[in-house]
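# Close look at the chain arrangement
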Amino acid sequence: MSATLEATAPAAAQALDFDAIIIGAGMSGLYQLLRLRQLGLRVRVFEAGTGVGGTWYWNRYPGARFDSESYSYGYSFSKELLEEWSWSEHFAPQPETQRYLNFVADKFDLHRDIQFKARVASAHWQGAEGQEQGRHWAVTLEDGSRHTARHLITAIGVLSAPTLPRFEGIDTFQGQSFHTARWPHEPVDFRGKRVAVIGTGATGVQTIQEVAKTAGHLTVFQRTPNWCAPLHNRPITEEEQREIKAGYPEIFRRCQETFSCFMHTPDPRGTFEVSKEEREAFYETLYASPGFGIWVGNFRDMLTDRAANKEISDFVANKIRQRVKDPKVAEMLIPKNHGFGTRRVPLETRYYEVYNQPNVLLVDSKATPIERITPTGIKTSEAEYPFDIIIYATGFDAITGAFDRIDIRGCDGKRLKDRWAHGPETFMGMMVEGFPNMLMLMGPHTALGNIPRSIEYNVDWVTRLLRFMQEKGLTFAEARPEAVQAWTDHVKLVGAGLLSTEVDSWMTGINSNVEGKQTRIIARYSGSAPEYRAWCDAVADKGYPDLVLA
Ligand code: NA7
């Protein structure tokens, strides 16, 4: 489907409130604002929070920190910024990252174009023939105010729509309760308190290992164990700091070349091309090394070959058995329904040792499901547990969830949510047929991995398109249906054969707490980042033949 393409008078363009509206002031929204401002465009960012930072603004739960090396995570676009900012740890904690993003916003004077406490309720394409201003987006905030812009840029994050379980009685609890992604700005004191954590994903693991340090008693409700591996974080020494700053060009060059933009990349060897002893030694080295190496720097067939995957899974299972004293608890913590790395691997710091503490209890909430929340605690099929604090580390309606929450309507008035009812269809994860002038940063079907690297690439691609349109006097861009089909087919093709596509997780679009999200979909691009960039660069280099431009 294609919108009306009648020419728009320059006077009409002036009548629009903005050239571009960006939704979200996280890492992608901030950088996009800067780039569009440099093009001379009139831009407004609408941000639901009271400050910048997106993921790093909302996820202020205890223990939140990077699992990517700090110096590979920050923005790479400004030499001056790289010189001025010094990370204090190899894997920075959330407060530091939030400070960093505020530092960026101050340095580039970004605040003045950001409206805070401004949650977007709807965005409707206005393209009907004869309409006064034609070809623009009308954006309505939750406060009812309406704003128009030529371009709509979604910078709404991959993991930004938190979800609570649908437990009966959830509102009746009389103690304190929090979702990890809606943590209060004030500190929460766990000393002497009976604390529950529900959920053992990457967030739950970080929360549990931190809360266990001070809680009077901690009960962990685990439905599915995940394969966790050590983070090996430590402070950055002065000498390392100098090396990092001098080495930035090399760090970012490496991130450009690796499969998923991390400093780690798959080992070119197949698991069974090397001897058993060599494999064991390699796994030991990875387990003792910082960061995601054990997940994304492992043998190249680890996530495609079942026998290879079993080898590493058995290795990590034995590590868990060595670290957890009670063999029954150790077995509870070893995943049985999926292999190592087929879900996101939480990185941990003495996580497994937490279960050796006398004040920590692990409850299997698959065997004994939570039946309801009571005013005083949690009732499972087996027992009733009293709590002062309940922490929901229950995750997000990932990837498409943030889009579903906004009433986004394209040319034919159809909602994007309905358009994607059977899984997203996109052009390079950035555009959707029938939704002209809508550009998505980190939309479905983009390469995830070390996300800021993908963000910078996507922002630069969008900026290049808008510059091209500006230079040519174009006001309309829509992905052609055949281009959307080709990209969507490609995404499905590269996802096929991966063991991770056979497993329920947020990466395959599953969320047990959201109606309609019980069927696996291909939600992300799982090819390599260099291949992704090559595809997108080729489109731009050829002058955008895959787009209807007018
Ligand atoms: P995840 O990885 O989606 O984890 C959510 C956890 O919450 C997971 O252990 C779930 O168990 C559990 N959960 C969710 N709903 C329920 C109910 N109703 N009952 C019991 N347990 C439940 O989210 P995270 O926030 O940890 O991490 C998301 C990403 O953010 C992470 O991968 C990083 O990339 C950053 P389940 O596995 O579904 O059985």
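Now for a description of the structure that goes with this document. What you see is a predicted model; the values in this text were computed from it and never measured.

Attention now moves to the sheet that holds strand β7 (residues 176-179). Adjacent strands of a sheet pair through backbone hydrogen bonds, lying either parallel or antiparallel. Here we have 5 strands laid out as an open sheet, ordered β7-β16-β8-β9-β12, and parallel in their pairing. Edge positions in the sheet fall to β7 and β12 (360-364), since each of these pairs with one other strand and no more. Mean inter-strand twist for the sheet, computed between neighbouring axes without regard to direction, equals 15°. In this structure, β7 lies alongside strand β16 (residues 389-392), joined through 4 bridges in parallel fashion. Paired with phenylalanine 178 across the bridge in β16 is isoleucine 391.

Before going further, it helps to examine the site of the ligand. Around the ligand sit 19 residues, and of these Thr200, Thr203, Arg223, Thr224 and Trp506 come closest. Between the ligand and arginine 343 there is a distance of 2.9 Å, counted from an oxygen atom to a side-chain nitrogen or oxygen. In isolation the ligand has 780 Å² of accessible area, and contact with the protein removes 84% of it. Looking at the shell around the ligand residue by residue, the classes come out as 8 nonpolar, 8 polar and 3 charged.

Before going further, it helps to spend a moment on the layout of surface pockets. In this structure, the second largest pocket spans a volume of roughly 640 Å³. The element that contributes the greatest number of residues to the lining of the second largest pocket is helix α7 (residues 202-211), accounting for 4 residues. Tallied by class, the residues present in the lining of the second largest pocket amount to 15 nonpolar, 10 polar and 7 charged.

To continue, consider helix α6 (residues 94-107). For α6, with 14 residues, the first-to-last C-alpha span of 20 Å sits near the 20 Å given by 1.5 Å per residue. Every buried residue belonging to α6 is among Gln94, Glu96, Thr97, Gln98, Tyr100, Leu101, Val104 and Ala105, and all of these are buried. Turning to α6, the residues buried within the fold contact α2 (27-38), α3 (55-58) and α5 (79-84). Positioned one or two residues after α6, aspartate 109 has a phi angle of 50°, which is positive.

The rules behind each value
- Residues numbered from 1 in each chain as written.
- Predicted model: local features only at pLDDT ≥ 70, side-chain atom pairs only at ≥ 80, totals over all residues.
- Heavy atoms only, no water.
- Pairing = 2+ DSSP bridges.
- Helix = DSSP H or I, 4+ residues; strand = E, 2+ residues; numbered from the N terminus.
- Axes fitted to C-alpha atoms, helices over the stretch in contact; angles between N-to-C directions.
- Near = heavy atom within 4 Å.
- Polar contact = N/O pair within 3.5 Å; in protein donor to acceptor, adjacent residues only side chain to side chain.
- Areas by Shrake-Rupley, 256 points an atom, 1.4 Å probe, with all protein chains shown as cover.
- Nonpolar A, V, L, I, M, F, W, Y, C, P; charged D, E, K, R; others polar.
- 1 Å grid on protein atoms, 1.4 Å probe; cavity = no way out; pocket = protein on both sides within 12 Å on 5 of 7 lines; lining within 4 Å.
- Points joined across faces, edges and corners; volume = space filled by probe spheres on them.
- Expected span 1.5 Å × (residues − 1).
- Buried < 20%, exposed > 50% of the residue type's maximum accessible area, 1.4 Å probe, protein only.
- Contact = heavy atoms within 4.5 Å.

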